[in-house]
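Secondary and tertiary structure notes
What follows is each chain in one-letter form.
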Amino acid sequence: MAGPELLLDSSIRMWVVVPIVFITFFVGVVRHYVTQLLHSDKKVELEQVSDSQVLLRSRILRENGKYLPRQSFAMRKHYLNNVETGFFKTVKRKVVAKNPVTDTSMLTDMMKGNLTNVLPMIVIGGWINWAFSGFVTTKVPFPLTLRFKPMLQRGIELLSLDASWVSSASWYFLNVFGLRSMYTLILGQDNAADQSRIMQDQMTGAAMAMPPDPNKAFKSEWEALEIVEHKWALENVEEELMSRDLNFGGFFTREFKSTMF
Amino acid sequence: MASVSELYDVTWEEMRDKLRKWREENYRNSEQIVDVGEELINEHASKLGDDIWIIYEQVMIAALDCSRDDLAWSCLQELKRQFPGSHRVKRLAGMRLEALERYEDATKLYDSILQDDPTNTAARKRRIAILKAQGKSAEAIRELNEYLEQFVGDQEAWHELSELYINEHDYGKAAFCLEELMMTNPHNHLYCEQYAEVKYTQGGMENLELSRRYFAQALKLNNRNMRALFGLCMSASHIAASPKVSAKVKKDNMKYAAWATAQINRAYQLAGRGTKESKCSVKAVEEMLESMQITMS
């Protein structure tokens, strides 16, 4: 049930909505540059790089092995998986437990991450809550349930107000995530102002970079490779090819320009 | 000498974009890069902003190709001034030493980079390139093998190794390298075709069959690959002409060869419409294919 349409003062739009957008945006840009200044190069170990490439190769063998002749596939599978001499069976890596408390480099990284991302968010969120409180800022275009009211309507004590009407704090949070694509436009891909990406990284972090335990990764890759069978994709390639004439398209009809520009 | 922008009537932005295209697609048209890049650096350096550093790198490598040591030296100086102590710039300095054939100095430089950063692939690859330039192909092959043991995913290196093996006529190992490439790029018709050619060169009934299949696969991936079409025709007719095959295999292969021949004829007809020289080539192809038919049956 849509509540009665409230008419908001247009000065709200001018002095609240737009400034919050600007503030969020500029804070994000400043955060990006600060992160770049504090950024320290992560030293990669040769072994780590090598291991991650071997795992990638094994994965590709599983996926695209069907394009290779049977013999070649068997040869590679044997090299990796053989019970006595296979790579995944014989190579054991020393696992150095990276304890976040004692490992200094990880500690400083975490601290820097917290400083540049969480701290500004808290500070600015709090300031906006204090400065722009007590009135309704905007209306989200979709209906919300009443459970969202205490979260989104901080400072507005109206029981009958539709939950779609939100305060400036929630507009601020909406901006933090919404301006992500703007950052990509202006700062280029891979920018440090992208908070949601950082959160995503923390969740899927182990999957992308070399997991701290290569032995486990080797074991799971060994199992995956064991069950793969070789189904040659080129079994009937000639028949498939010759079922129709070759399509030469426009290959022979136009002149190719061979100048620089 | 008229400048590039006058000759082709292009603005500096177009020149910069063209350089970027050449850089991203790995072109090696060094003379053109030197022409365009030199003009950009001399006339429009201030407008390029931060782009200029990567253009310096691109132009320097092209200048080394064209023996323009003056241009290479000036680019290197600019880069050294801007990025002192950078491994990437050090590698460029090493490449310049290679161009001057001071191979020991270059090797020492690359070794120092590797001491600092053992994961630096560029320095390792340049060391191998030096061995290749000096003609020590056995050592180059050995070092490249060691490199690939650590960095299994480097496709450029696999391709280089396959080339080295082909030069040494070690077709079995070259086929292995090409299989790696086919595995990582299953839709690239050129790798399929090269693999098929190596198998065809190895010879033997099994390899000829494999090569015929992979020529067909290359054609399936790209219908216009004329080399693969010829390869298919030749491998099929070779199998059919061999005395040791069963009748069914012979019949199948003659069918494949006939189909391939028909397609080749069709291609040359399409290409030959109009110009007189191509009419001669159409005739030449027809005669060649007919003579092959005669030896087969």
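Please read these numbers as outputs of a predicted model, since none were measured by experiment.

An ideal rise of 1.5 Å per residue puts 16 Å on twelve residues; helix α3 (residues 70–81) of chain A measures up with 16 Å between its terminal C-alpha atoms. Turning to α3 of chain A, its buried residues number three or more, namely Ser72, Phe73, Arg76, Lys77, Leu80 and Asn81 of chain A. Angularly, the buried residues of α3 of chain A cover 140° about the axis, an arc narrow enough to put them on a single face. Among the structural elements, α2 (46–64), α4 (87–90) and α10 (214–226) of chain A together with α11 (171–184) and α12 (189–202) of chain B are those in contact with the buried residues of α3 of chain A.

In low-pLDDT regions, the fine details of the predicted coordinates are not to be read closely. Residue and element names in this part refer to chain A. Per-residue confidence for chain A gives a mean pLDDT of 76, with 79% of residues at or over 70. Mean pLDDT values over the elements of chain A span from 46, in helix α9 (residues 195–208), up to 91, in α3. Counting interchain partners and residues more than four positions distant, the pLDDT-below-50 stretch residues 202–209 has one contact.

What follows is about empty space enclosed by the protein. Residues and elements named next belong to chain A. Here the structure, examined in full by the defined rule, presents three cavities of 30 Å³ or more. Looking at the largest cavity, its volume works out to about 80 Å³. In this structure, the largest cavity is lined by ten residues; those nearest its centre are Thr24, Val27, Arg31, Tyr172 and Val176. Elements with a minimum of two residues in the lining of the largest cavity: α1 (10–38), α5 (104–131) and α7 (168–178). When grouped by side-chain class, the residues that make up the lining of the largest cavity number six nonpolar, three polar and one charged.

Another aspect to go through is the UniProt feature "repeat: TPR" (unreviewed entry) in chain B. Annotation from UniProt places "repeat: TPR" (unreviewed entry) at residues 155–188 of chain B. Here residues 155–188 of chain B is 79% helix and 0% strand, with 13 Å between the C-alpha atoms at its ends.

On to the pattern of salt bridges, then. Think of it this way: side chains of opposite charge can pair up when their charged atoms draw near. Tallied over the full model, the rule gives 33 salt bridges over all chains. With a closest N to O distance of 3.1 Å, aspartate 170 of chain B and lysine 173 of chain B form a salt bridge. Classification of aspartate 170 of chain B by relative accessible area gives partly exposed; the value is 26%. Lysine 173 of chain B gets classed as partly exposed once you look at its relative accessible area, which sits at 43%. The partner of glutamate 193 of chain B in a salt bridge is arginine 227 of chain B, with the nearest N and O atoms 3.2 Å apart. With a gap of 34 residues between them, glutamate 193 of chain B in helix α12 and arginine 227 of chain B in helix α14 (residues 226–241) connect regions that are remote in the sequence. When its relative accessible area of 7% is taken as the criterion, glutamate 193 of chain B is described as buried. Relative accessible area serves as the criterion here: at 54%, arginine 227 of chain B is assigned to the exposed category. Bridged by salt links that share partners, the residues Arg57 and Arg76 of chain A together with Glu179 and Glu180 of chain B form one connected network.

The rules we used
- Position numbers for residues start from 1 in each chain and track the written sequence from start to end.
- Each chain gets a letter, beginning with A, and each ligand a number, beginning with 1, in the order they are written.
- This being a predicted model, a pLDDT of at least 70 is required before a residue's local features are given, and a value of 80 or more before pairs of side-chain atoms are given or counted; all residues contribute to the totals for chains, interfaces and linings.
- Excluded from the side-chain calculation are hydrogens and water; included are all heavy atoms of the structure.
- Each helix is a run of DSSP H or I of at least 4 residues and each strand a run of E of at least 2, with the numbering of both proceeding from the N terminus.
- How far a helix is expected to stretch is found by multiplying one less than its residue total by 1.5 Å.
- The classification of residues rests on relative accessible area computed with a 1.4 Å probe and restricted to protein chains. Under 20% of the type maximum is buried, over 50% is exposed, and intermediate values are partly exposed.
- Here, the arc refers to the directions that run from the helix axis to the C-beta atoms.
- Contacts are assigned to residue pairs that have any heavy atoms within 4.5 Å of one another.
- Values of pLDDT, ranging from 0 to 100, describe the predictor's confidence in every residue of the model.
- The pocket and cavity definitions rest on a 1 Å grid over protein atoms only: a 1.4 Å probe that fits but cannot leave marks a cavity, an open set with protein on both sides within 12 Å along at least five of seven lines marks a pocket, and residues lining either have an atom within 4 Å of a point.
- Grid points are joined across faces, edges and corners, and a volume is the space filled by probe spheres set on the points.
- As a working rule, the residues Ala, Val, Leu, Ile, Met, Phe, Trp, Tyr, Cys and Pro are called nonpolar, Asp, Glu, Lys and Arg charged, and the rest polar, with Gly in that last group.
- UniProt positions are given in the numbering used here, feature names are shortened, and annotations may be inferred rather than shown by experiment.
- When a carboxyl oxygen of Asp or Glu is within 4 Å of a side-chain nitrogen of Lys or Arg, the pair counts as a salt bridge.

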